[in-house]
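Descriptive structure summary
Here is how the chains run, residue by residue.
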Amino acid sequence: MIDLKGLKLNDGNTMPQLGLGLYKVSTQAELTQVVKTAWEQGYRLFDSAQMYQNEDMFGLAAQELNLPREEYFLTTKIAEENQGYDNTLRSFEKSLKDLQVDYVDMLMVHWPLHQHFFETWKAFEYLKEQGVVKSIGVSNYGVIHLQYLATKANIMPAVDQVENHPFLTQDGLLEFNKTQGIITQAWAPLGRARALDEPILVELAQKYHKSAAQIVLRWHWQRGTAIIPKSVHAARIIENAAIFDFELAPVDMQKITDLNTFTRISQEPEQVYELGHQYPHH
Ligand SMILES: NC(=O)c1ccc[n+]([C@@H]2O[C@H](COP(=O)([O-])OP(=O)(O)OC[C@H]3O[C@@H](n4cnc5c(N)ncnc54)[C@H](OP(=O)(O)O)[C@@H]3O)[C@@H](O)[C@H]2O)c1
């Protein structure tokens, strides 16, 4: 059974520690099916973004499945091209419409951009004051971005969603976020499943009678990190939530942490911050 224990956010709200990622879930039929499977399994957090171009699909799926609005936690993110004060407000209106809701639980700045850094956040604070966004957060912010934001912010982010997996453990950032009362949420928590055949993970999977994916997700869970694994396969959606009947020993936690190779799957946040947009990568 899924552990619905929520993480307490610095604004008093609560966020489920486990949720479903929706990046690259790109057809209506697929999206409705994965949300249905996840819901039945007990997932209560869904992670979308303007960039994923599936907010409208989620809106339709939630209607079709009759999901009670107060029972799920919905995250979306403002895309780079929609940053700035007015653009954030305008594009958020459209997100609400597409999602067919009158509030989101979490709105994130998808990537830090120096061009609109403070105005975008000002719009976020306004949306929170208006009650149409329950909590405000950021994504892909490093220590330096958070420290800079703190120089002018009235409200600090509740969550920082960053790339985080055994090959990019982000120990320093996690530690900093903890000291600041910011919850770290791991994107690509499975490292996009690119290295689940890593011998240490296979060894631990055998030891605990679990899959390598479950070992990795349990490692995040025990570190107190929020996780949003994505899958379009029902069996994997179920597997990724079956991580509550075992506990990794400290020595095994450390073995996974030691896999860190500082390897990024995606963009380097500092480069996006400087450029003002994402850049081609593998
Ligand atoms: N803020 C950001 O900038 C940002 C960036 C990227 C992602 N995200 C969010 O984070 C979520 C998760 O990240 P992600 O989708 O990039 O990567 P991920 O969750 O680490 O990995 C997803 C990949 O792993 C496969 N997979 C899932 N469960 C598996 C299992 N149990 N065994 C083997 N393979 C498995 C999936 O394949 P199948 O689907 O074919 O099963 C998919 O290819 C996204 O969906 C999105 O919501 C945010």
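Below is a short write-up of the structure. What you see is a predicted model; the values in this text were computed from it and never measured.

With respect to the overall build of the chain
Counting its secondary structure elements, the chain contains eleven helices and ten strands. A compact globule built from 282 residues would reach a C-alpha radius of gyration of about 19 Å, and the chain, at 18 Å, matches this within 12%. The contacts of the chain with a sequence gap of at least 6 include a subset with a gap of at least 24, amounting to 75%. Counting only carbon and sulfur atoms, one obtains 52% of the accessible surface of the chain, whose full area is about 12400 Å². Of the charged side chains in the chain, 25 are positive and 35 negative, and the gap between their average positions amounts to 2 Å.

A word on empty space enclosed by the protein
For the structure on display, the rule yields one cavity of 30 Å³ or more. In this structure, the largest cavity encloses a volume near 30 Å³. Forming the walls of the largest cavity are Ile2, Asp3, Leu4, Pro16, Gln17, Leu18, Gly42, Tyr43 and Arg44. Considered class by class, the residues forming the lining of the largest cavity number five nonpolar, two polar and two charged.

Some points on the side chain of arginine 69
Following the sequence through the fold, arginine 69 ends up in the loop between α2 (55–64) and β5 (73–78). Within the structure, the side chain of arginine 69 is placed 2.9 Å from the side chain of aspartate 105, a separation counted as a polar contact. Ignoring any residue separated from it by four or fewer positions in sequence, one finds arginine 69 in contact with Leu74, Val101, Tyr103, Val104 and Asp105.

Brief notes about helix α6 (residues 171–180)
Every buried residue of α6 is accounted for by Leu173, Leu174, Phe176 and Asn177. Around the axis of α6, the buried residues are gathered within 165° of arc, so they sit on the same side. Across α6 from its buried face, at more than 90 degrees, point the exposed residues Glu175, Lys178 and Thr179. In this structure, the buried side of α6 is in contact with α5 (143–150), β8 (159–163), β9 (183–187) and α8 (212–223). Just downstream of α6, glycine 181 is the residue with a positive phi angle, here 75°.

Remarks on the site of the ligand
Residues in close proximity to the ligand total 29 residues, the closest being Asp47, Ser139, Arg192, Ser231 and Arg236. Alanine 188 is positioned such that a nitrogen or oxygen atom in its backbone is 3.0 Å from an oxygen atom of the ligand. Arginine 236 places a side-chain nitrogen or oxygen 2.7 Å from an oxygen atom of the ligand. Protein burial of the ligand: of its 900 Å² of free accessible surface, 88% is covered by the chains. It is helix α9 (residues 234–240) that contributes the most residues to the shell around the ligand, three residues altogether. Here the shell around the ligand is built from residues that sort into 14 nonpolar, nine polar and six charged.

Section: the sheet that holds β8
Taking strand neighbours across the sheet as the criterion, the eight strands line up as β3-β4-β5-β6-β7-β8-β9-β10 in an open arrangement whose pairing is parallel. Of all the strands in the sheet, just β3 (20–21) and β10 (226–227) have a single pairing partner and so form its edges. With four bridges joining them, β5 and strand β6 (residues 104–109) adopt parallel strand pairing. Each bridged residue has a counterpart across the sheet, and for threonine 75 the counterpart in β6 is methionine 106.

Concerning the packing of aromatic side chains
Given two aromatic rings, their pairing is described by the distance between the two centres and the angle made by the two planes. The final tally for this structure, using the stated rule, is 13 aromatic pairs. Where tyrosine 208 meets phenylalanine 246, the ring centres are 5.8 Å apart and the plane angle is 50°; that geometry is what we call tilted. Taken as a pair, tyrosine 208 in helix α7 (residues 199–208) and phenylalanine 246 in the loop between α9 and α10 (250–257) lie far apart in primary sequence, 38 residues in all. For tyrosine 208, a relative accessible area of 15% puts it in the buried group. Site record: aromatic cluster; members linked through ring pairs are Phe117, Phe118, Tyr141, Tyr148 and Tyr273. For the cation-ring pair, lysine 134 lies above tyrosine 103, with the distance from its terminal atom to the ring centre recorded as 4.7 Å.

What counts, and where the lines are drawn
For every chain, the first residue of the written sequence is number 1, and numbering continues from 1 along that sequence. For this predicted model, a pLDDT threshold of at least 70 governs which residues receive local features, and a threshold of 80 or more governs which side-chain atom pairs are given and counted, while totals over whole chains, interfaces and linings are taken from all residues. Only heavy atoms go into the side-chain values, all of them from the structure, while hydrogens and water stay out. Secondary structure is summarised from DSSP: a helix means a run of H or I of at least four residues, a strand means a run of E of at least two, and numbering begins at the N terminus for each. The atom set for the radius of gyration is the C-alpha atoms, and the globule formula is 2.2 Å times the number of residues raised to the power 0.38. It only takes one pair of heavy atoms within 4.5 Å for two residues to be counted as in contact. The protein chains shown are the only cover counted for residues, whose accessible areas, like all others here, come from Shrake-Rupley with a 1.4 Å probe. Note on charges: Lys and Arg go in the positive column, Asp and Glu in the negative column, and His and the chain ends are not counted at all. A charged residue contributes its charge at one atom only: NZ of Lys, CZ of Arg, CG of Asp or CD of Glu. A cavity here means a set of points on a 1 Å grid, drawn over the protein atoms and nothing else, where a 1.4 Å probe fits but cannot get out; a pocket is an open set with protein on both sides within 12 Å along at least five of seven lines, and a residue lines either one if it has an atom within 4 Å of a point. Grid points are joined across faces, edges and corners, and a volume is the space filled by probe spheres set on the points. Basically, the charged four are Asp, Glu, Lys and Arg, the nonpolar ten are Ala, Val, Leu, Ile, Met, Phe, Trp, Tyr, Cys and Pro, and anything else, Gly included, counts as polar. Polar contacts, as counted here, are pairs of nitrogen or oxygen atoms within 3.5 Å of one another; within protein the pair requires one atom able to donate a hydrogen and one able to accept it, and residues that are adjacent in sequence qualify only if both atoms are side-chain atoms. Only protein chains enter the accessibility calculation, which uses a 1.4 Å probe; a residue is then buried when its area is under 20% of its type maximum, exposed when over 50%, and partly exposed in between. Note that the arc is defined by the directions from the helix axis to the C-beta atoms. Only heavy atoms are used to decide nearness, and a residue is near a molecule or strand if one of them lies within 4 Å of it. Note on pairing: two strands pair once DSSP finds at least 2 bridges between them. Only the six-membered ring of Trp is used, alongside the rings of Phe and Tyr, when aromatic pairs are assigned; centres must lie within 6.5 Å, and planes under 30 degrees apart are stacked while those over 60 apart are edge-to-face, with the rest tilted. Consider the ring centre and the ring normal. A charge sits over the ring if Lys NZ or Arg CZ is within 6 Å of that centre and within 35 degrees of that normal.

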